[in-house]
Amino acid sequence: MVPETKLYKNERITELGIERRCPMCGEWWPADDEFYAKGKNGRRLYSYCRACNIERGQKQILKLYPNCKRHNIIEPIPILR
Ligand SMILES: [Zn+2]
């Protein structure tokens, strides 16, 4: 039986497995939850890598709440080991 591999447009198969290209930094990262945060349903991975996702989130928060000190304080999330 062929394992079910559904590739998205931004994904490719390498000898190490499926990699995904982050549209923000343009880097290829392994498409697993170590490099990409998982969505709400716990299955789909975000299109942006963890580092960019955090950066994006912070920009979004600053845009939405430019004067809110509470929202400007963001706890650092461990990214890559
Ligand atoms: Zn990225």
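Above this text is the structure in question.
Bear in mind the structure is a predicted one, so any value in this text is a computation, not a measurement. (Residues numbered from 1 in each chain as written. Predicted model: local features only at pLDDT ≥ 70, side-chain atom pairs only at ≥ 80, totals over all residues.)

A. Structural view of the nonpolar core. Of all hydrophobic cores here, the largest spans 7 residues; its members are C22, A31, F35, Y36, L45, C49 and C52. In this structure Y36 touches R20, W29, A31, L45, Y46, C49 and R50, once residues within four positions along its chain are discounted. (Core = buried A, V, L, I, M, F, W, Y, C linked by C-beta atoms within 7 Å. Buried ≥ 20, exposed ≤ 12 C-beta atoms within 10 Å, placed from the backbone. Contact = placed C-beta atoms within 7 Å.)

B. Fine view of the pairing of strand β2 (residues 17–21). As paired strands, strand β1 (residues 11–14) and β2 are joined by 4 bridges and run antiparallel to one another. Bridging across to β2, R12 finds its partner in E19. Connecting the antiparallel pair β1 and β2 is a turn made up of 2 residues. With 3 bridges connecting them, β2 and strand β3 (residues 28–30) associate as antiparallel partners. Across the sheet, residue R21 finds its bridge partner in β3, namely W28. The hairpin turn running from β2 into β3, its antiparallel successor, is 6 residues long, and G26 in that turn takes a positive phi close to 75 degrees. (Pairing = 2+ DSSP bridges. Helix = DSSP H or I, 4+ residues; strand = E, 2+ residues; numbered from the N terminus.)

C. Region of interest: the sheet that holds β2. With antiparallel pairing, the 3 strands of this open sheet are ordered in space as β1-β2-β3. With one partner strand each, in any of the chains shown, β1 and β3 form the two edges of the open sheet. Recorded for the sheet is a direction-independent mean angle of 35 degrees between the axes of neighbouring strands. (Axes fitted to C-alpha atoms, helices over the stretch in contact; angles between N-to-C directions.)

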